[in-house]
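Listed below, chain by chain, are the residues.
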Amino acid sequence: MPEVAIVDACQRQRRGGSATAVLDDAPLADEERCRVPTELGTSHAVFLRATGTERAHPSYTLRFFTAAGELPACGHGTVAALALLAEREGSDDYRAVLRTTHRSFDGRATRNGDSLTASFDPGPVSLSDVRGPELEAIAHGLGLPEDAVAGDACVASNGRPRLLLPVRSRAALAELTPDFTLLRAACDRHGLLGCYAYSLPDRHGRAAARMFAPSIGVPEDIANANSTACLAAHAAGSGTDRLIADMGDHLGCPSTITATVHHDGVEHRIRVGGQATIAAVVRRCGGGADERDTALRRGRQRTVVR
């Protein structure tokens, strides 16, 4: 296995974030790729392949894996990849063209002290009404009381559909106790990636959110940028152009994702991202053991754990 960077993506004030494995592509079978996040204790792994230059910027193909298989996209994985690429380049303002299985888009990472802020274009978002049986099944799997739903739920997709489910308060969100077997069955039955439950944004556009996606091997995601972009598209209809979503608190890893809506006539474009730090570099040693170095970044002390 190539050298792997562990990137804490979508941090909150340089703390927490979703630990994501990022590595250069290699001739690995998909089963081997799926083992990477399990072996390294991350929810996702991102594989990078350089493809030359496009639109005057370096271009890369990204592939995303969880223990359960390959994903067509991963928002916090994209943030992690951009942070690592910028770190390698040594650039304070890095830009690249990124490709997934379905599309090409631009990404950017800028340095802020010891951390980087990465953002990208998540693509167009489609919104549709949710059906009663769909909503009832998901709410039941979440253990959500009927009176806790605070507004109109909808199905949103920027690649794969997911349920956006508003709840009445951050406290109600924190009290959710999903039955993941029931929730996975409901998501599979209705063709959903998962459920993004969120508190209603305040007047500054700040909300709390929890993303449950047991169908892809992630019972609860520490950070989910693509779903936050979907919520930004939904909230834009009521005049909210900047959304700040706090996630990961229930898992002890505070994370924050920012999504901004840019209007262009009748159309709108979304930019989503967050802070990221390269936390460690893992190298395969003799005998199959790992050597794990904390990242040496601008004078910080380096530690090796064997």
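Structure first, text after, so check above.
So, a few notes on the structure that sits alongside this text. (Residues numbered from 1 in each chain as written. Predicted model: local features only at pLDDT ≥ 70, side-chain atom pairs only at ≥ 80, totals over all residues. Heavy atoms only, no water.)

1. With respect to the overall build of the chain
Thought 1: Counting its secondary structure elements, the chain contains 6 helices and 19 strands.
Thought 2: Along the first, second and third principal axes, the C-alpha atoms of the chain reach 55 × 45 × 35 Å.
Thought 3: When burial is assessed residue by residue, the chain has 53% of its 306 residues classed as buried.
Thought 4: Charged side chains of the chain number 35 positive and 37 negative; the gap between the two group centres comes to 5 Å. (Helix = DSSP H or I, 4+ residues; strand = E, 2+ residues; numbered from the N terminus. Buried < 20%, exposed > 50% of the residue type's maximum accessible area, 1.4 Å probe, protein only. Lys, Arg positive; Asp, Glu negative; His and termini not counted. Charge placed at Lys NZ, Arg CZ, Asp CG, Glu CD.)

2. Considerations on the packing of aromatic side chains
Thought 1: Summed over the entire model, instances satisfying the criterion amount to 4 aromatic pairs.
Thought 2: With a centroid separation of 5.8 Å and 50 degrees between ring planes, the pair formed by Phe105 and Phe120 is classed as tilted. With Phe105 in strand 7 (residues 104-112) and Phe120 in strand 8 (residues 115-120), the pair connects residues that are 15 residues apart, well separated along the chain.
Thought 3: On the basis of relative accessibility, which here comes to 4%, the residue Phe105 falls in the buried class.
Thought 4: Taking the ring centre of Phe47 as reference, the NZ or CZ of Arg33 above it sits at 4.8 Å. (Phe/Tyr/Trp six-rings, centres within 6.5 Å; stacked < 30°, edge-to-face > 60°. Lys NZ or Arg CZ within 6 Å of the ring centre and 35° of its normal.)

3. Some points on the pattern of salt bridges
Thought 1: On inspection of all chains with the given rule, the structure shows 21 salt bridges.
Thought 2: Where Arg283 meets Glu3, a salt bridge forms, and the shortest distance between an N and an O atom there is 3.0 Å. One end of the pair, Arg283, is in strand 17 (residues 267-284); the other, Glu3, is in the segment before strand 1 (4-11), with 280 residues separating them in the sequence.
Thought 3: Since its relative accessible area comes to 30%, Arg283 is described here as partly exposed.
Thought 4: On the accessibility criterion, Glu3 (45% relative accessible area) is partly exposed.
Thought 5: Across the pair Glu54 and Arg55 runs a salt bridge, and its minimum N-O distance is 3.4 Å.
Thought 6: Because the salt bridges share partners, they merge into one network encompassing Arg12, Arg170, Arg206, Asp246 and Asp249. (Salt bridge = Lys/Arg side-chain N within 4 Å of Asp/Glu carboxyl O.)

4. As for unusual backbone geometry
Thought 1: Within the chain, Cys10 stands out as a residue other than glycine whose phi angle is a positive 60 degrees.
Thought 2: Along the chain, Cys10 turns up in strand 1.

5. Focus: the environment of Thr181
Thought 1: By the element assignment, Thr181 lies in helix 5 (residues 180-190).
Thought 2: Since its relative accessible area comes to 64%, Thr181 is described here as exposed.

6. As for the packing of helix 3 (residues 132-142) against helix 5
Thought 1: Where helix 3 meets helix 5, the axes come as close as 7 Å, and the angle between the chain directions of the two elements is 160 degrees. By the criterion of interaxial angle, the relationship of helix 3 to helix 5 is roughly antiparallel. Our pair here, helix 3 against helix 5, has a crossing hand that is left-handed. Listed contacts from helix 5 to Pro133, Glu134, Ala137, Ile138, His140, Gly141 and Leu142 of helix 3 are Leu182, Leu183, Ala186, Cys187, Arg189 and His190.
Thought 2: Counted by class, the contact of helix 3 with helix 5 contains 8 nonpolar, 3 polar and 2 charged residues. (Axes fitted to C-alpha atoms, helices over the stretch in contact; angles between N-to-C directions. Parallel < 35°, antiparallel > 145°, perpendicular 65-115°, else oblique. Left-handed = near helix turned anticlockwise from the far one by under 90°. Contact = heavy atoms within 4.5 Å. Nonpolar A, V, L, I, M, F, W, Y, C, P; charged D, E, K, R; others polar.)

7. Points about helix 6 (residues 225-236)
Since one α-helical turn is 3.6 residues long, residues separated by three or four positions face the same way.
Thought 1: In this model, helix 6 (12 residues) spans 16 Å end to end at C-alpha, consistent with the 16 Å of a helix rising 1.5 Å per residue.
Thought 2: For helix 6, the buried fraction is high: 11 of the 12 residues fall into the buried class.
Thought 3: Within the span of helix 6, buried status applies to Ala225, Asn226, Ser227, Thr228, Ala229, Cys230, Leu231, Ala232, Ala233, Ala235 and Ala236. (Expected span 1.5 Å × (residues − 1).)

8. Quick word on the pairing of strand 12 (residues 195-199)
Thought 1: Counting buried residues along strand 12, 5 of its 5 residues qualify, which places the element largely inside the surrounding structure.
Thought 2: The alternating pattern of strand 12 places Cys195, Ala197 and Ser199 and Tyr196 and Tyr198 on opposite faces, both of which are buried.
Thought 3: Inspection of the sheet shows strand 11 (residues 161-167) paired to strand 12 by 5 bridges, in the parallel sense. In the strand pairing of strand 12, Val167 is matched with Ser199.
Thought 4: Counted along the chain from strand 12 to the antiparallel partner strand 13 (residues 206-213), the turn is 6 residues long, and its residue Gly205 has a positive phi close to 85 degrees. (Pairing = 2+ DSSP bridges.)

9. Some thoughts on the environment of Arg162
Thought 1: By the secondary structure assignment, Arg162 is in strand 11.
Thought 2: Sequence spacing of Arg162 and Ala50 is 112 residues, and the spatial spacing of their C-alpha atoms is 31 Å.
Thought 3: Other than its neighbours up to four places away in sequence, Arg162 contacts Cys154, Val155, Ala156, Leu192, Leu193, Gly194, Asn224, Asn226, Ser227 and Cys230.
Thought 4: Only 2.9 Å separates the side chain of Arg162 from the side chain of Ser227, close enough to count as a polar contact. (Polar contact = N/O pair within 3.5 Å; in protein donor to acceptor, adjacent residues only side chain to side chain.)

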